[in-house]
Amino acid sequence: MIWGRCMVAKIRQFRWDDAEQITGLFNTINGIVGTEKEFSHELMSQTLAHPSCRPEVNCFVAESPGGQLVGYALASPEIPIGRTVASGGVLEEHRSSGIGRSLLGRISDHVENLGVAVFHIQASLDSQHARRMLESEGFVHVKDYWQMRWEDGTLPAISLPDGYGLRTFELDQDEAELTSIQNAAFGEHWGFNPNTVEEIAARVRMNSTDPDGIIFISNGGSLAGFNWTLRNENGNGSVGFVAMTGIHPNYRGKGLGTAVVVTGMEYLRKQGVDSIELEVDSTNTPAVELYRKLGFKPVHHTVWYEKQIR
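Residues numbered from 1 in each chain as written. Predicted model: local features only at pLDDT ≥ 70, side-chain atom pairs only at ≥ 80, totals over all residues. Heavy atoms only, no water.

The next subject is the packing of helix H4 (residues 99-112) against helix H5 (residues 128-136). Here H4 crosses H5 at 45 degrees, and the two axes come no closer than 11 Å. Taken as axis vectors, H4 and H5 run oblique relative to one another. Taken as a pair, H4 and H5 cross one another with a handedness that is right-handed. Residues Gly-100, Arg-101 and Leu-104 of H4 form the contact with H5, whose participating residues are Met-133, Leu-134 and Ser-136. Of the residues assigned to the contact of H4 with H5, the class counts are three nonpolar, two polar and one charged. (Axes fitted to C-alpha atoms, helices over the stretch in contact; angles between N-to-C directions. Helix = DSSP H or I, 4+ residues; strand = E, 2+ residues; numbered from the N terminus. Parallel < 35°, antiparallel > 145°, perpendicular 65-115°, else oblique. Left-handed = near helix turned anticlockwise from the far one by under 90°. Contact = heavy atoms within 4.5 Å. Nonpolar A, V, L, I, M, F, W, Y, C, P; charged D, E, K, R; others polar.)

Attention shifts here to the layout of surface pockets. Any empty space left between the atoms is revealed when a probe the size of a water molecule rolls over them. Considered as a void within the structure, the second largest pocket measures approximately 150 Å³ in volume. As for the second largest pocket, its lining consists of Pro-51, Ser-52, Arg-54, Val-57, Asn-58, Pro-77, Glu-78, Ile-79, Pro-80, Leu-114, Asn-193 and Glu-199. Counting residues per element, the ones that place at least two in the lining of the second largest pocket are helix H3 (55-58) and strand S3 (69-78). (1 Å grid on protein atoms, 1.4 Å probe; cavity = no way out; pocket = protein on both sides within 12 Å on 5 of 7 lines; lining within 4 Å. Points joined across faces, edges and corners; volume = space filled by probe spheres on them.)

Our focus in this paragraph is unusual backbone geometry. The residue Arg-54 is not glycine, and still its phi comes out positive at about 50 degrees. Take Arg-54: it is sitting in the loop between helix H2 (41-48) and H3. Although it is not a glycine, Ser-96 adopts a positive phi angle of roughly 60 degrees. Within the fold, Ser-96 resides in the loop between strand S4 (83-90) and H4.

And the structure:
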């Protein structure tokens, strides 16, 4: 995320007819225009329409006098864990003009009215201007995350303990089970907000998800873990993502994580992806070691900033 320091710009709430411009802003600010990661208008519309988003309430845009959107800020409230996460940015040619700080101020006021205790924002380690601005507004650096990429290589053979098996997600059947295993696997992780069945049902129907790309590992009738993969494809290529991998606390220490991750990677490779990416907490040593052994390499470093809300 990149924030700016104001040309005259109107800060207002998002309207649904802004969705196409938001798509362009998102792609440009994140440097993914012309790449296999570039969002389509349809995928962005699905993202904004997700039950957890509510952009007409939680999103603010910066509009130039000519009606062009030059920046945005989106809050994602996570009321069950008492925090809100914000994302957004400003087009490069309009940075250092006060727009970013105005957007941050507007979204901060909104967050304070949500009744949460913590406000989090993620920024690139290289984005010195954004980091200085956040620190000047009372945010403190609390976490480091790595984006890792796998491009080619030999994957290990899958080995499962006796009694364990693999299967893929079934629409209109497994939404509750996926919700349950995800919440159990990540309940103790920093920043995880429990999902509802409604939220999971909406997410598995987005263009980036194929039910066959969600892999379950089971022991008898019980789910032991899962790997949720995503894929984005356009005229510039295709890229896969290991979006979430989790093992139920009752089944850890059995090597199941490797098996379920490799199964998901094999699925993505069969779809012809050019590379596979993931994001991981730099302090999650078991996960980092697993991904390194599979051939993933760090390619980008982001930092999480936190502000306590009075």
